[in-house]
Amino acid sequence: MYWEYFKIAVKNLRVRPLRSWLTILGIVIGIFLVTTLMSLSEGLKNSIMGELQTMGGDLIIVMPGEDMFSGLMGGNDLTNADLNGIERTVGVETVISMPWGSEIVRYKNEAKTVLITGISFDKTMTLLKEDMGWETVEGDFPRTGRREILLGNLVAKSILPGIRVGDEVTIKGKRFYVSGYLRSLGNNQNDSMIMMDLEDYRTVTGKREGAPMTMAKVAPGFDVAEVVKNIEDSLEETRKRRVGEETPSFSVISSDTVSDMVSSIMGILQVAIFAFASIAIIVGGIGVTNTMFTSVNERTKEIGILKAVGAKRSDIVAIFLFESGIIGLIGGVLGVTLGVVASKGTEFVLAQLEQMFYLEAHISISLILFGIAFSFFVGCISGYFPAKKAAMLEPVDALRYE
């Protein structure tokens, strides 16, 4: 019986191919948007969370500003007094400050503007290797007082192609030698940096004071929340002594807190993305409803004949639901297919453009099945009321319909 319903539904769709495909197109657009945007947003979330997880749970981020976002956007720096206060805080094992800036780097006959950063390698080597996952592919980390630099992975591969360990570069008229280059750190910003000893950085740039942010590693045996409070108290006292301010203007956040914040923000973003993309699916569903109502009006006499030869109301409903369900199913399959292609295409393009994060579209089986099932459900729901209208027709009235 159901096979007969299916054949009747397919036959009716093939009789009016242009109308059928235009109706399917509405569903395709909606599912395409859902699949593309959800897979890319999930990939972005995974990329960011992966970066944060490499830091470990015992790192504390300190930056100027009342919150993390104002600290990132405000353009202010922590002073040397702030950094010294953090280093003296009870429960802090190591502090790593990485001031950065852009400088012209000359290698052979090339001159490129590259992001450089200064690090006290002798104090932070353990933290860099064990907590932040820094590892050289070739060569070694710079040695203090040797005018050596460490290259990010992309610097060695594409920014200054052909550069090798031991080669000489010139920055602000000063010669430096490549000590090694890192494996990829997972984001293009870090992979595009040149790292040098902090004192060399301050000499090259002339920036003798502070850093835009710093990270503190919690000493073994101390609670992260306790150390966060200790750092806040230490910075508050430091700033009161210096400028007499009652209200501190800095943020102290554990890496786990940052991860939770980012996860929550990305979750809200994904809900918003799904809501906006669903509008297109709803529009497609309205198109299915319109098409099915038109089909009911055009096939009134056919419905009368079916009921006259013994078809029940449930049979008529089933035929029209099969028809609308097939529209939704085809739209879902095509929409998911196009969405997967678009997501992977976007991933490829962004990789070529070398964005801040390596964005890998996250296309799961659950997303694919959801897209197809959701489109089928929308198709069936959209076809229910036209199907009910068709089932309620009286055979006599239907047969007399012109």
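Thresholds applied
- Residues numbered from 1 in each chain as written.
- Predicted model: local features only at pLDDT ≥ 70, side-chain atom pairs only at ≥ 80, totals over all residues.
- Heavy atoms only, no water.
- Helix = DSSP H or I, 4+ residues; strand = E, 2+ residues; numbered from the N terminus.
- Buried < 20%, exposed > 50% of the residue type's maximum accessible area, 1.4 Å probe, protein only.
- Contact = heavy atoms within 4.5 Å.
- Pairing = 2+ DSSP bridges.
- Arc of directions from axis to C-beta.
- Phe/Tyr/Trp six-rings, centres within 6.5 Å; stacked < 30°, edge-to-face > 60°.
- Lys NZ or Arg CZ within 6 Å of the ring centre and 35° of its normal.
- Polar contact = N/O pair within 3.5 Å; in protein donor to acceptor, adjacent residues only side chain to side chain.
- Patch = residues over 30% accessible without salt bridge, like charges linked within 9 Å, V, L, I, M, F, W, Y side chains within 5 Å.
- Areas by Shrake-Rupley, 256 points an atom, 1.4 Å probe, with all protein chains shown as cover.
- Salt bridge = Lys/Arg side-chain N within 4 Å of Asp/Glu carboxyl O.
- Core = buried A, V, L, I, M, F, W, Y, C linked by side-chain atoms within 4.5 Å.
- Axes fitted to C-alpha atoms, helices over the stretch in contact; angles between N-to-C directions.

S.K.: Hey, could you go over the overall build of the protein chain for me, with residue numbers and the actual values?
M.R.: Per the secondary structure count, the protein chain includes 14 helices and 11 strands. A burial count over the protein chain gives 46% of its 402 residues as buried. For the protein chain, contacts bridging at least 24 residues in sequence account for 80% of all contacts bridging at least 6.

S.K.: Residue-level account of the pairing of strand β6 (residues 148–151), with values.
M.R.: By the alternation rule, side chains of β6 split into Glu148 and Leu150 and Ile149 and Leu151, which are all buried. Of the pairings in the sheet, the one linking β6 to strand β9 (residues 193–197) comprises 3 bridges and is antiparallel in character. Bridge assignment links Leu151 to a residue of β9, and that residue is Ile194.

S.K.: For helix α5 (residues 121–131), give the residues involved together with the corresponding values.
M.R.: Regarding α5, the residues found buried are Phe121, Thr124, Leu127, Leu128 and Asp131. Projected down its long axis, α5 carries its buried residues within an arc of 130 degrees, all on one side. Opposite the packed face of α5, turned more than 90 degrees from it, sit the exposed residues Asp122 and Glu130. Looking at the buried residues of α5, the elements they touch are β1 (59–64), β2 (92–97), β4 (110–119), β6, β9 and β10 (214–218).

S.K.: How would you summarise the packing of aromatic side chains if you had to cite specific residues and measurements?
M.R.: Applying the stated criterion across every chain yields a total of 5 aromatic pairs. When the ring of Phe274 is compared with that of Phe374, the centres are 6.1 Å apart and the planes differ by 45 degrees; the resulting orientation is tilted. One end of the pair, Phe274, is in helix α10 (residues 255–298); the other, Phe374, is in helix α13 (residues 365–391), and 100 residues separate them in sequence. Looking at Phe274, the relative accessible area reads 27%, which means it is partly exposed. Accessibility expressed as a relative area gives 22% for Phe374, which makes it partly exposed. Ring centres of Phe370 and Phe374 lie 5.4 Å apart, and the angle between their planes is 10 degrees; this geometry places the pair in the stacked category. Of this pair, Phe370 and Phe374 both sit in helix α13, 4 residues apart, which is roughly one turn of the helix. Feature note: the residues Phe274, Phe370 and Phe374 constitute an aromatic cluster, connected by ring pairs. Lying across the ring of Phe176, Arg147 places its NZ or CZ 5.4 Å from the centre.

S.K.: Hey, could you go over helix α8 (residues 198–205) for me, with residue numbers and the actual values?
M.R.: Here α8 lies mainly inside the structure; 6 of its 8 residues are buried. For α8, every residue scored as buried is listed here: Leu198, Asp200, Tyr201, Arg202, Val204 and Thr205. Measuring from the side-chain oxygen of the N-cap residue of α8 to the backbone nitrogen of Glu199 gives 3.2 Å; that N-cap residue is Asp197. Immediately downstream of α8, the backbone of Gly206 shows phi near 80 degrees, a positive value.

S.K.: Go over the environment of Glu347 with me, naming the residues and quoting the values.
M.R.: Note that Glu347 resides in helix α12 (residues 313–353). In this structure, the C-alpha to C-alpha distance between Glu347 and His362, residues 15 residues apart in sequence, is 9.9 Å. Sequence-distant contacts of Glu347, that is, excluding residues within four places in its chain, are made with Leu359, Glu360 and Ala361.

S.K.: Can you lay out a nonpolar patch on the surface for me, pointing to particular residues and giving the numbers?
M.R.: A contiguous nonpolar patch, built from Leu18, Leu22, Leu25 and Ile29 and spanning about 410 Å² of accessible area, is present on the exposed surface. Looking at the element boundaries, Leu25 is found in helix α2 (residues 17–53).

S.K.: Explain the nonpolar core residue by residue, including any values.
M.R.: In terms of nonpolar packing, the biggest core is built from 24 residues, with Ile96, Ile119, Trp134 and Met195 touching the most fellow members. Mapped onto this core, the elements with two or more residues apiece are α2, β1, α5, β9 and α10. Those residues in contact with Met195 that sit more than four places away from it in its chain are Thr117, Ile119, Phe121, Trp134, Pro142, Glu148, Ile149, Leu150, Gly152, Leu182 and Asn190. Counting 22 residues, the second-largest nonpolar core is a separate cluster that includes Ile31, Val34, Val296 and Phe320.

S.K.: Tell me about the sheet that holds strand β11 (residues 250–254), and name the residues and values.
M.R.: With antiparallel pairing, the 4 strands of this open sheet are ordered in space as β2-β10-β1-β11. The sheet is open, and its two edges are formed by β2 and β11, each paired on a single side. Here the average twist between neighbouring strands, direction ignored, is 20 degrees. Where β1 and β10 come together, 4 bridges link them in antiparallel fashion. Following the sheet pairing, Leu59 is matched in β10 by Lys217. Against the sheet, helix α4 (residues 80–87) touches β1, β2 and β10, its axis set at about 155 degrees to β2. On top of the sheet, α5 reaches β1, β2 and β10; it is set at about 90 degrees to β2, its chief contact.

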